[in-house]
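Listed here are the chains, written in short residue letters.
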Amino acid sequence: MSKSRRINRIIPIALCLIFLYMPIIVMAFFSFNKAKSLTHYTGFSTKWYGAMFANSQLLNAIFVSVSVALIATLVSTVLGTITAVALSKSKRLIKFTVQQINNLPIMNPEIVTAIALMIFFSFISFNKGYMTMLLAHIAFCTPYVITNVYPKVKALDPNLAEAAMDLGATPGETLLRVLIPEIRPGIIAGALIAFTMSFDDFIISYFVSGNGVENISIVVYNMSKRMNPSIYALSTVILVCIMIVLLIGTFMPYILYKKYGKIPRFVTRLGYIGLALLVIIAGFTSFRANTAKQVLKVFNAGEYADMEVVASFEREYNCRVIYETFDSNESMYTKLMGGNDYDVIVPSDYMIARLIKEDLVVKLDWDLIPNAKSLDTSIMYQDFDPKNDYWCPYFCGNVGIVYDKRNVTKKDLKDGWNILKNPKFKGDIYMYDSERDSMMVALKALGYSMNTTKPKEIKAAYDWLVDQRNTMKPTYAGDDSIDAMKSGNKSLCVMYSGDACAVMDENDNLGFFMPDEGTNYWVDGFVVTKTCENQTLANEFINYMISDENAYLHTVEVGYLTPNLNAAAKARKNDFPGNIAYEIRVDKNDESFDYQDNETKALFSSYWTKVKAK
Amino acid sequence: MKKIFELDNLSKEFDGQVVLKGIHLDVYENEFMTLLGPSGCGKTTTLRIMAGFEEPSEGKVLFDGIDIAGVPPYKREVNTVFQKYALFPNMNVYDNIAFGLKIKKTAAPVIKEKVTRMLELVNLAGYEERNIRQLSGGQQQRVAIARALVNEPKVLLLDEPLGALDLKLRKTMQIELKSIQKEVGITFVYVTHDQEEALTMSDTIVVMNDGIIQQIGSPTDIYNEPENRFVAQFIGESNIIEGTFVKDFLVAFDNVEFECVDKGFEDGQDVDIVLRPEDIKILPSGEGRISGVVTSIIFKGVHYEIIVKTDIREYKIHTTAYYEPGLEVDLDLTPDDIHVMEPMGTY
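Residues numbered from 1 in each chain as written. Chains lettered and ligands numbered in written order. Predicted model: local features only at pLDDT ≥ 70, side-chain atom pairs only at ≥ 80, totals over all residues. Heavy atoms only, no water.

**Remarks on the interface of chain B and chain A**
Listed by partner, the interface residues are 25 residues for chain B and 18 residues for chain A. Summed over both sides, the interface of chain B with chain A buries roughly 1,900 Å², with 60% coming from carbon and sulfur. Of all residues in chain B, Tyr74, Phe99 and Ile103 of chain B bury the most surface against chain A, accounting for 32% of the area lost on that side. Where chain B meets chain A, there are one salt bridge. Between arginine 48 of chain B and glutamate 162 of chain A there is a salt bridge, and its shortest N-O distance comes to 2.5 Å. Only α1 (43-51), β6 (78-81), α2 (93-103) and α4 (137-149) of chain B provide two or more residues apiece to the side of chain B that touches chain A. Among the elements that line the side of chain B that touches chain A, the one with the most residues is α2 of chain B, at four residues. Partitioning the side of chain B that touches chain A into residue classes produces 14 nonpolar, five polar and six charged. (Contact = heavy atoms within 4.5 Å. Buried area = accessible area lost by both parts, 1.4 Å probe. Salt bridge = Lys/Arg side-chain N within 4 Å of Asp/Glu carboxyl O. Helix = DSSP H or I, 4+ residues; strand = E, 2+ residues; numbered from the N terminus. Nonpolar A, V, L, I, M, F, W, Y, C, P; charged D, E, K, R; others polar.)

**A word on the pairing of strand β16 (residues 290-299) of chain B**
Residue and element names in this part refer to chain B. Where β16 lies against strand β19 (residues 328-332), four bridges are found, and the strand directions are antiparallel. Among the inter-strand pairings, serine 291 is bridged to a residue of β19, identified as aspartate 330. What sits between the antiparallel neighbours β16 and strand β17 (residues 304-309) is a turn of four residues, in which glycine 301 has the positive phi angle 105 degrees. (Pairing = 2+ DSSP bridges.)

**Topic: the packing of helix α18 (residues 455-472) of chain A against helix α24 (residues 598-613) of chain A**
Residue and element names in this part refer to chain A. Between α18 and α24, the shortest axis-to-axis distance is 10 Å and the interhelical angle comes to 15 degrees. Classified by the angle their axes make, α18 and α24 are roughly parallel. For the pair α18 and α24, the sense of crossing is right-handed. Only Thr600, Leu603, Phe604, Tyr607, Trp608, Lys610 and Val611 of α24 make contact with α18, whose side of the interface consists of Pro455, Ile458, Lys459, Tyr462, Leu465, Val466 and Arg469. Residues of the contact of α18 with α24, tallied by class, amount to ten nonpolar, one polar and three charged. (Axes fitted to C-alpha atoms, helices over the stretch in contact; angles between N-to-C directions. Parallel < 35°, antiparallel > 145°, perpendicular 65-115°, else oblique. Left-handed = near helix turned anticlockwise from the far one by under 90°.)

**A look at the sheet that holds strand β14 (residues 269-275) of chain B**
All names here are of chain B. Pairing within the open sheet is antiparallel, and its five strands lie in the order β13-β12-β11-β14-β20. Only two strands of the sheet have a single partner each, and these edge strands are β13 (256-259) and β20 (339-341). Geometrically, the sheet is characterised by an average inter-axis angle of 40 degrees between neighbouring strands, direction not taken into account.

**What to know about the pattern of salt bridges**
Residues and elements named next belong to chain B. With the rule as written, the count across this model stands at 42 salt bridges over all chains. A salt bridge links lysine 2 to aspartate 64; the nearest nitrogen and oxygen atoms lie 3.5 Å apart. Taken as a pair, lysine 2 in the segment before β1 (3-14) and aspartate 64 in the loop between β4 (58-63) and β5 (66-67) lie far apart in primary sequence, 62 residues in all. The exposure class of aspartate 64 is partly exposed, given its relative accessible area of 26%. Of the charged contacts, one joins arginine 142 and glutamate 176 as a salt bridge, the two residues approaching to 3.6 Å between their closest N and O atoms. Here arginine 142, found in helix α4, pairs with glutamate 176, found in helix α5 (residues 167-184); they are 34 residues apart in sequence, far enough to count as distant. (Buried < 20%, exposed > 50% of the residue type's maximum accessible area, 1.4 Å probe, protein only.)

**Observations regarding helix α14 (residues 329-337) of chain A**
Each turn of an α-helix holds 3.6 residues, which means side chains three or four residues apart point in the same direction. Residues and elements named next belong to chain A. For α14, the set of buried residues is Asn329, Ser331, Met332, Tyr333, Lys335 and Leu336. Of the surrounding elements, those touching the buried residues of α14 are α9 (203-208), β1 (294-301), β2 (319-326), β3 (344-345) and α15 (349-357). Positive backbone phi, at 95 degrees, marks glycine 339, one or two positions downstream of α14.

**A few points about the packing of aromatic side chains**
Under the counting rule described, the total for this entry stands at 40 aromatic pairs over all chains. The interplanar angle of 55 degrees and the centroid separation of 4.8 Å between the aromatic rings of tyrosine 394 of chain A and phenylalanine 526 of chain A together place this pair among those described as tilted. On the criterion of sequence distance, the pair formed by tyrosine 394 of chain A in strand β5 (residues 392-404) and phenylalanine 526 of chain A in strand β10 (residues 521-529) is long-range, its members being 132 residues apart. Neither tyrosine 394 of chain A nor phenylalanine 526 of chain A differs from the other in exposure class; each is buried. Taking the centre distance of 5.6 Å and the plane angle of 70 degrees together, the rings of tyrosine 304 of chain B and tyrosine 322 of chain B count as edge-to-face. (Phe/Tyr/Trp six-rings, centres within 6.5 Å; stacked < 30°, edge-to-face > 60°.)

**Digging into the environment of glycine 163 of chain B**
Residue and element names in this part refer to chain B. Within the secondary structure, glycine 163 is located in the loop between β7 (155-159) and α5. Overall, glycine 163 belongs to the partly exposed group, its relative accessible area being 43%. When the C-alpha positions of glycine 163 and lysine 84 are compared, they lie 8.4 Å apart, and in sequence the two are 79 residues distant.

**A few points about the pairing of strand β8 (residues 187-192) of chain B**
Residues and elements named next belong to chain B. By the criterion of burial, β8 is predominantly enclosed, with six of the six residues buried. Residues Thr187, Val189 and Val191 of β8 are buried on one face, and the alternating residues Phe188, Tyr190 and Thr192, pointing to the opposite face, are buried as well. By the bridge criterion, five bridges tie strand β3 (residues 32-36) to β8 in an arrangement that is parallel. Within the sheet, the bridge partner assigned to methionine 33 lies in β8 and is valine 189. As defined by bridge partners, β7 adjoins β8 across five bridges and the pair is classed as parallel. The residue bridging leucine 157 from the neighbouring strand is valine 189, located in β8. Taken together, β7, α5 and β8 constitute a β-α-β crossover, and its handedness is right-handed. (Right-handed = clockwise from strand over helix to strand, strands pointing away.)

Printed below as a string of structure tokens:
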């Protein structure tokens, strides 16, 4: 009886704990995975921890996150406490007004605060970087401190301060010896909230930082396209650190009470000194002087280079590369427009077209890029830049279909894109959850250009997709289809060739094909911005990145096809033997994306929304 | 005796509201002075100006003959005991009392000695380690007094310090406070609205109303010779009667002329006459100069409160004897029982 009752009590608690901690346990488990896979456990390994500590971008981000959080917490706690004390002594109208204003940033969607700060810093032409991030964090942390401290101050006996001064304490001594100890719980609560808010802030940091200053959230977000288990390793390390702090916080007072009967002063003093030292170190190192070296600001997609190459460039050319990452061409463009200065950017073809059109980039100095001789010219000299003056290819690929050889026959493949409408594969298809790629599939299946602006053709493509959705019940998936296909979850999957290459590496049952109706080929390439002050260094950087050896390192690290023919040949031989997805096809039916005019773009996105709506 | 505090023509305004209207007050060494008056009369403001928590809008504050305008509270040689004690909740009894000495960087053994002596003085020996929240109201009050006294101020300011205590404890503490004051021999300025408390403890009582000092005097002076109707009404109970000053040592009211001890008013002028309830004598019918009927009798513990109705007014009388309601009685007064004041409206 009592036993069953005890079990009845334990079950809900256990379920709740499992619900809360299961994802974290899974993550920690996979941080010790040998393979890069996020779903397949292939054996114990600590290599991702090694990778994490070797990743200078990540280490830098950890440093930025921790130091910004520490300093922002300190400053906002002092600021917020003083404000709360002052507020309690103010007239009622001021009190009310300030409290309401103070609540605003807390209630305000973070994105509004973020954009406001971004515009503000641009407006006063404050260079984005560590300082802007710190100021922004102080700004959004302070209201939380005020909210926590003010009620404590309000609850204080109004005569307390007078009593202290009456006994000879100056206003400063009164604050330190009487008022602060009284409101300490509120201050500590405020500081803890400020620290957590700052430490895991993404949105605001993303918009106000720049010049290579990134915190953990930004780096992880930009990595999420090509997720890498060192992120799990990092998260696990942070988790362990927090657990240690919590354990100390919980058990230290207990142990000390047992031993000394109270918390001895030397312990609290040690604690304060330790904290102060941390803040000072964080403060000093964050303002470490920029050596007078030449500086190059590079803006690349996340996880899109072998960072060792960048490091060796820094050494060889005695310069500093400020390396920042973005998650999509669109967000890159937003940051560029937001007043961030970069020297070298790596956008995709259609975005390169836009940058050229908007006169934001300058011609390359091909004399400084002799390594271009190894490049695949078939993907160059596109319509948006017929002489190929402005950009230098970095990675390229196609869109095709990954299929399970056990279920899909050679004959099925003859249908081209219309294989996606073959009733045999009903409910067995991943479509790529991207409006342009899906519309491309439909347009090509219908024999139109994927860059068409004719509403009639676009409507036809929409009908094709709706019909396919209704008859075939496909799953619209993003990058999660990559992992799913490694396990062979479905028979057909629309996929980028670079991802297909990685998938096929792990699953021998998969094949890859590109329909004869044509497909998309894409190129990402380097451009040099108009604001770049050291054109020579920028061109030298591009040259360095595409050299035979370095292009090889990049392609092996990233898994996408390099346009450097020598590097590609070597990789094909050493790393992707027999992998048919490690190729590029530029036939007469194949196209790359043009930059879309607004009307077509709107049409695409409204149709795509409708396709996905049901 | 030496003057410690001199308040000279002190006025104070808060947001256009005048709470003190030109106060003149001298505080002498070693005296127990009480500021007495109803709430809002300006007594606490006066005390806060002396402590330095408020600056006067007009007038001067002299301390030991020196103008201390603008001197902050932490530089004044006075200490305050607050109405709600204002003890430091995060410190124990010892640390509360030691606070002022620690601020002055007194040597630790000296602090220990002084705090111990203070705790003995306020009967709290052995309470050093107690948490403030564990103490009763009376104990907290004693800690507050000890915390102020340990600094050996020249003047101790007390702002209704017994207001939060129950009646019995208040009575005990009144006596204790008085004896502490005698023992340490420093000046106390004590604010209260309780006239009995003021009469019990004070050397000098300052009666205040509406930002103005009504009368300064010893408890007996204030009680027996109130200078005006306000003081008479505020201090103890009294029958206040409008009458005529016939000539020196003779007043008339209720159609009877009475001999009195007062002189110096104009002959025939209107005056107010104060009769304390315990001074009126009840005599059998026909033996006194005023006749009336007992209309009510209420038992008050030490005495009865009797209302006697005459043709003209009702008299309130305190007596230890019992009189049946409805009984016809006579009332009479001796010259000592009659106190003549300027009439209401002029002071």
